[in-house]
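Observations on chain architecture
This is what each chain is made of:
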Amino acid sequence: MRLTPRIIAFLLALFISAITVAFLSFVNATTTSMLFVAGLASFAASFFLIMYAIEILVYREVTKMHKTIQRLKLKDFNFPRKTIVSNPNPLKKLNQEIFVYVAKKQQEIDELKKLEVFRREFLADVSHELKTPIFAAQGFIHTLLDGAMDDEKVRDKFLQKAAKSLDGLDALVKDLVALSQMETGDIRMHKERVDLRLITLEVCEQLENKANQRNTILKIKPDQMQHVWVKADPQRINQVMTNLIENAIKYGNDNGKVIVHFEEEKKHYVVSVRDNGPGIPSEHLSRIFERFYRVDKSRSREKGGTGLGLAIVKHIINAHGSKITVTSKIDKGTTFAFKLDKAEM
């Protein structure tokens, strides 16, 4: 039974009236008519007083509080109105609203704390990544200005090193700008019908020298699948395949193998890039797509790169309406996989 103000007032008034009648029945010379009148009067007076106290002094104020919290919840979290549970008891409604609001606020606070940690880490990483090539180029140029410029061999060597440092800085800034534009939606995907197998073959040809330096075999499977027609942005999907294959070569083992595999489904193609390298520890997998996150920072910097490649890959794949996943086993290798929509013939 739902306890409305009227039911509560009725039950309490009935109880008070019963006590009054019971008490007066012990008084001498009290007639039945007097007991009836006294019981009726006490019931009526108690009912209206209790009704007023509950309805005016309690329930209305509680209802106002409930509506205020409800408005705050809708404003802060943009809840659809249909999710609000209707309950005739204002106290229960207030309790429900407070519980939901506090839970969402706590979730928001936890997210803000995580974002604050990520922001500090990002600023520290950006500062370090920018500082390294700038200080290197600065050192080479100052050395030349201090007199080393007179030696032609030293001059050429230092200028080449300074140019290499500045090229790295230029690549880092370009990646930061591209990543920022993707996050804000300024860069849109221009999807068209493209042959992903052909794009992958061209990427493998471009990376052939790097693969040969490490005696790494590049393989596209299955052999009988001559075309992989997908709906994608050619430039961006080329960037994805380049990054994934280059990383597999760079962080895999010498004399290793990198396999790009295509699997046809009803509406999609599943694309996977697999290496047989040292693998990635499980504690790093959840953060591998973060900006500047490196599993082995010293080893990663020796191999070059801006540390933004996988973050950019993730945003490109997301912009294609898909998700990229990573699985890895220590000493057995790592696999990156994602889906792309089939292109209409």
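Structure's up top.
An account of the accompanying structure is given in this report. This one's a predicted model, so the numbers in the text were calculated from it and none came from an experiment.

Moving on, we come to the packing of helix H4 (residues 152-184) against helix H10 (residues 309-319). Across the interface, H4 lies against H10 with an axial gap of 10 Å and an inter-helix angle of 30 degrees. Relative to H10, the element H4 is oriented roughly parallel. In this structure, the crossing between H4 and H10 has a hand that is left-handed. Contacts between H4 and H10 pair Asp 175, Leu 179, Met 182 and Glu 183 from the former with Ala 311, Ile 312, His 315 and Ile 316 from the latter. Among the residues forming the contact of H4 with H10, the class breakdown is five nonpolar, one polar and two charged.

What follows is about helix H1 (residues 5-24). Its 20 residues give H1 an end-to-end C-alpha distance of 28 Å, which sits within 8% of 28 Å, the value for a rise of 1.5 Å per residue. Looking at H1, one finds that the buried residues are Pro 5, Ala 9, Ala 13 and Ser 17. On an axial view of H1, the arc spanned by its buried residues comes to 85 degrees, and they lie on one face.

Another aspect to go through is a nonpolar patch on the surface. A contiguous nonpolar patch, built from Phe 10, Leu 11 and Leu 14 and spanning about 270 Å² of accessible area, is present on the exposed surface. In this structure, Phe 10 sits in helix H1.

Our next topic: the pattern of salt bridges. Side chains that carry opposite charge are capable of pairing whenever their charged atoms lie near each other. For the structure shown, the criterion picks out eight salt bridges. As a salt-bridge pair, Arg 214 and Asp 254 come within 2.7 Å of each other at their nearest N and O atoms. Of this pair, Arg 214 sits in the loop between helix H6 (208-213) and strand S2 (217-221) while Asp 254 sits in the loop between helix H7 (234-251) and strand S4 (257-264); the two residues are 40 residues apart in sequence, bridging distant segments of the chain. The shortest N-O distance in the salt bridge between Lys 342 and Glu 264 comes to 2.7 Å.

Our focus in this paragraph is helix H5 (residues 196-206). For H5, the full list of buried residues reads Leu 196, Arg 197, Ile 199, Thr 200, Val 203 and Cys 204. Buried residues along H5 cover an arc of 160 degrees about the axis, so they all sit on one side. Exposed side chains of H5 directed beyond 90 degrees from the buried face belong to Glu 205 and Gln 206.

Once that is clear, we can look at the packing of aromatic side chains. Both the distance between ring centres and the angle between the ring planes are used here to describe each pair of aromatic rings. In this structure the tally under the stated criterion is five aromatic pairs. Between Phe 47 and Phe 48, the ring centres sit 5.4 Å apart and the planes meet at 85 degrees, which makes this aromatic pair edge-to-face. Exposure remark for Phe 48: the relative accessible area of 58% places this residue in the exposed category. Each residue in the set Phe 10, Phe 43, Phe 47 and Phe 48 is aromatic and connected to the rest through ring pairs, giving one cluster. The positively charged end of Arg 193 is found above the aromatic ring belonging to Trp 229, 3.9 Å away from the centroid. The ring centre of Tyr 269 lies 5.5 Å from the NZ or CZ of Lys 342, which sits over that ring.

Backbone-to-backbone hydrogen bonds pair the strands of a sheet. The strands run either parallel or antiparallel. Pairing within the open sheet is mixed, and its five strands lie in the order S2-S4-S5-S7-S6. In the strand order of this sheet, the two ends are held by S2 and strand S6 (325-329), each with one partner. Across the sheet, the mean angle from the axis of one strand to that of its neighbour is 15 degrees, orientation sign disregarded. In this sheet, S4 lies alongside S2 in parallel orientation, the contact comprising five bridges. When the bridges of S4 are listed, Ile 220 appears paired with Val 260.

Following Lys 221, the chain continues into Pro 222 via a peptide bond in cis, with omega recorded as -10 degrees. Position of Pro 222 among the secondary structure elements: in the loop between S2 and strand S3 (229-232). Of note in the backbone geometry, Asn 255 takes a positive phi value of approximately 60 degrees without being a glycine. Mapping Asn 255 onto the fold places it in the loop between H7 and S4. Positive phi outside glycine occurs at Asp 331, with the angle close to 65 degrees. Take Asp 331: it is sitting in the loop between S6 and strand S7 (333-341). Owing to a relative accessible area of 63%, Asp 331 belongs among the exposed residues under this scheme.

What counts and how
Residues numbered from 1 in each chain as written. Predicted model: local features only at pLDDT ≥ 70, side-chain atom pairs only at ≥ 80, totals over all residues. Heavy atoms only, no water. Axes fitted to C-alpha atoms, helices over the stretch in contact; angles between N-to-C directions. Helix = DSSP H or I, 4+ residues; strand = E, 2+ residues; numbered from the N terminus. Parallel < 35°, antiparallel > 145°, perpendicular 65-115°, else oblique. Left-handed = near helix turned anticlockwise from the far one by under 90°. Contact = heavy atoms within 4.5 Å. Nonpolar A, V, L, I, M, F, W, Y, C, P; charged D, E, K, R; others polar. Expected span 1.5 Å × (residues − 1). Buried < 20%, exposed > 50% of the residue type's maximum accessible area, 1.4 Å probe, protein only. Arc of directions from axis to C-beta. Patch = residues over 30% accessible without salt bridge, like charges linked within 9 Å, V, L, I, M, F, W, Y side chains within 5 Å. Areas by Shrake-Rupley, 256 points an atom, 1.4 Å probe, with all protein chains shown as cover. Salt bridge = Lys/Arg side-chain N within 4 Å of Asp/Glu carboxyl O. Phe/Tyr/Trp six-rings, centres within 6.5 Å; stacked < 30°, edge-to-face > 60°. Lys NZ or Arg CZ within 6 Å of the ring centre and 35° of its normal. Pairing = 2+ DSSP bridges.

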